[in-house]
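If you want the building blocks of each chain, they are given just below.
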Amino acid sequence: MDKNQACYLCQGCGLGEALNFEKLQEVVEEAGIGEVKTHEQLCSPEGVAFIQGDVDGGVNAILLGACSCRVKTNEFDFGPEVIVERASLREQAVYPSEAEYEGEEEAGEDRQMLAEDYLRMSAVKLAKSDVPVPFQLEEAPETSVMVVGGGVAGINAALAAAKAGVDVFLVEKEDALGGFLGKMAKLAPENPPYQELEDTHLEALVAEIEGNDKIKVYTGNTVTETKGAPGNFDVTLSGGESFRCGAIVQATGWLPYEPEKLAEELAYGSNDAIITNVDMEAKAKAGDLGGIGSVAFIQCAGSRDQNHLPYCSAVCCTVSLKQAMLVKEANPEAAVYVIYKDIRTPGQSEEVYREAQRKGVVFIRRGEDYPKISESGGKLAIETADVTLNDTVEIDELDLVVLATGMKPNNPRVVEPPLVALGMDQEAAKKVAAEAKAACDDWSVLNLKYRQGPNLPTLKYAYPDSHFICFPYETRRTGIYAAGTVRRPMRVTAAVEDATGAALKAIQATKAAAGGFAVHPRSGDMSFPEFAMQRCTQCKRCTEECPFGAINEDEKANPLPNPTRCRRCGVCMGACPERIISFKNYSVDMIGSMIKSIEVPEEDEEKPRVVVLVCENDALPAIDMAARAGHKWSPYIRFIPVRCLGSINLVWIADALSSGIDGVMLFGCRRGDDYQCHFIKGSELANVRMSKISETLDRLVLESDRVRVEEISFGEVDKVPQIIAEFMETIEEVGPNPYKGF
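Below, the structure is looked at part by part.

**Considering the pattern of salt bridges**
Considering all chains together, one arrives at 48 salt bridges under this definition. Between Lys125 and Glu85 there is a salt bridge, with the nearest N and O atoms lying 4.0 Å from each other. Within this pair, whereas Lys125 is found in helix 5 (residues 109–128), its partner Glu85 is found in strand 4 (residues 83–88), the two being separated by 40 residues in sequence. Like Lys125, the residue Glu85 is buried in the burial classification. The partner of Glu544 in a salt bridge is Arg451, with the nearest N and O atoms 2.9 Å apart. In this pair, Glu544 sits in helix 14 (residues 541–545) while Arg451 sits in the loop between helix 12 (426–438) and strand 22 (480–482), placing the two residues 93 residues apart along the sequence. Residue Arg451 is classed as partly exposed on the basis of its relative accessible area of 24%.

Structure (structure tokens):
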């Protein structure tokens, strides 16, 4: 595009008093932007109109020297055809710096140099950016949604999507809709006053599905193949039917924890009267509770146990309370015991607990050890510790013992090759990847025809991976959303809410695919990775490292990108050793040139320079908030936002150090199973790549202390100045970069 550039410098928020704007103007002009204007408050209506007037006159590339790019986004949005690059003079120059520092020849010169460098970097980025052109699917984008699973979550997801005007394909492997809801006698109290057991209303739900002409139901079917990408998923069912949809909701429910694994601890299998809560539900559904004279429920049967299910399934306590109340309804004289570690009845379910007490259910709090179950005279007996009485309690003459077993997702656990394999010999890495793939390919719900395998990646407990803090429905396959108990244990009302949320997310994904823009977390981003294939060496790094399975490959190992699967994180760009991947507004050359535009003082000036590559998702907000909170740090720091630490290419660090920059830090999100990384593996990948930085430092004969990776969360505001201060001390100890002046 032909750019008509202009720069606007804001003097509001104290910038006018803190900086020399004549010198800033000279810096911008030297960077190639001839039109430079100042305004006392650019974000005011008058300031926005001031810029808009120039846009109307033909300006289409704007450099703003004002506040952080994370604020005033609506005010400074001048349409998709206008490039806006923002230099954060407020949060990164003026707020965190002092008015003057010891050793300055002229008061305020370090702060001024800081602001000037940010303008230089932003001017370079503006010059190298182009307006993104949205990706368009070759075939017409499809707006319909497939819902897999006909239980409570699947039914409600289908209804929610249909009510929004979307065509729905509802696939259920059983011959009838309902899932586990169809096997339940009653629901626990879900409505005020939370004391009466409730009907499941399944018949009404099924009737609503059958009466909705937007929903096509395929019972007795499974998905045998899913090809394509958001907007154009091609699906084949076991019954031979096929269709195209734009997005997918997986609501395949849960599986009970295997009671056979509790044979040693809870004698399961030794007596037919030792059953699970699932068996008890079936008895209740069959109306077979009237003959029970005494029953004991044992909570956390295998749950919250590192040898079985380490997590709490969240519903077992309420289910046992419901079943205890059903026993009392059938036989008010029945003796009912609930033996528990902790009664967990979140929300209004506390009223259910009280109602069970009022009906005469006896509660006994045990310790960590399981109760001992034995048989005596044709009946069952239990011996358990009662931590409230600090005594041992014996209960005999029991007709039934019900084990409250937990929930597992109805989804295969996916084993992934360790990221460290990326640094291995390629043949060895292939072997590790093949072994991991073989370990989880024998069962798939969606049978995805993805290069990365047929399943949704999962966390360690087989729940489909998602960012549980910010994006609870997202899986790591764009356009595919998990809902209900396949995502996490939850009760019926929560599954209904979950299904609605996932359905709306699926609809959003179809809109994004049609419009050529990204879904979360870079919602609305119209850039996408472009590959200069003539320089591709078929190394497969981009396909291996993409967290979202966005890139397939052909038989010659050439990458085949699927832009509508892409989340625009740039991990592929950071992975590529040949630097052939770029975005219109984000590239290796762009960031490298920004680094090179920083003015590096001579060694005798004793003003070190440190570049910090900052993840825009958590680390950059933490820095902004630290600055606004009044924290101060070294004026020798230069922050450069990146989309994700996983997008960092090692050449940036080499370029920085070889140009005399004294140190480089990487600020990213936390990693691990409890990750905050918005792109799942970005921080982890950055750490793997940094393990190879020693080769670069050895080649440059530089100390390893000059490069550091730090993880920081959104709320760790106070940690920002602390980390910077520690690193600056390290840089002072290792001394100036010997490449200064070269």
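**As for the state of the cysteines**
Summed over all chains, the structure comprises zero disulfides. The thiol sulfur of Cys300 is not disulfide-bonded, and the nearest other cysteine sulfur, from Cys317, lies at 5.9 Å. Given a relative accessible area of 9%, Cys300 falls into the buried group. For the unlinked cysteine Cys644, the closest cysteine sulfur is that of Cys677, found at 4.4 Å.

**Re the sheet that holds strand 2 (residues 36–39)**
Across the sheet, four strands lie side by side as 2-1-3-4; this open sheet has parallel pairing. Where the open sheet ends on each side, the last strands, each with one partner, are strand 2 and strand 4. If you compare each strand with its neighbour and ignore which way they point, the axes differ by 20° on average. Most of the contacts of helix 3 (residues 45–56) go to strand 2, to which it runs at about 160°, and overall it touches strand 1 (5–10), strand 2 and strand 3 (61–66). In this fold helix 5 packs onto strand 1, strand 3 and strand 4, with an angle of close to 165° to the strand it touches most, strand 4.

Here is what the cut-offs are and how they apply
- Every chain begins its residue count from 1, and numbering advances along the sequence as written.
- The predicted origin of the model limits local features to residues at a pLDDT of at least 70 and limits the giving and counting of side-chain atom pairs to 80 or more, whereas totals for whole chains, interfaces and linings rest on all residues.
- Values reported for side chains reflect all heavy atoms of the structure, with hydrogen atoms and water molecules removed beforehand.
- The term salt bridge refers to a side-chain nitrogen of Lys or Arg lying within 4 Å of a carboxyl oxygen of Asp or Glu.
- The helix and strand labels rest on DSSP assignments: H or I over at least four residues marks a helix, E over at least two residues marks a strand, and numbering proceeds from the N terminus.
- With a 1.4 Å probe rolled over the protein chains alone, any residue whose accessible area is under 20% of its type maximum counts as buried; one over 50% counts as exposed, and the rest are partly exposed.
- Counting rule for disulfides: a pair of cysteine sulfur atoms within 2.5 Å.
- One bridge is not enough; two strands pair if DSSP finds at least two bridges between them.
- Note on geometry: axes are C-alpha line fits, over the in-contact stretch for helices, and angles between N-to-C directions span 0 to 180 degrees.
- In what follows, a contact means two residues having at least one pair of non-hydrogen atoms within 4.5 Å.

Function cannot be inferred from these measures alone, as they are strictly geometric.
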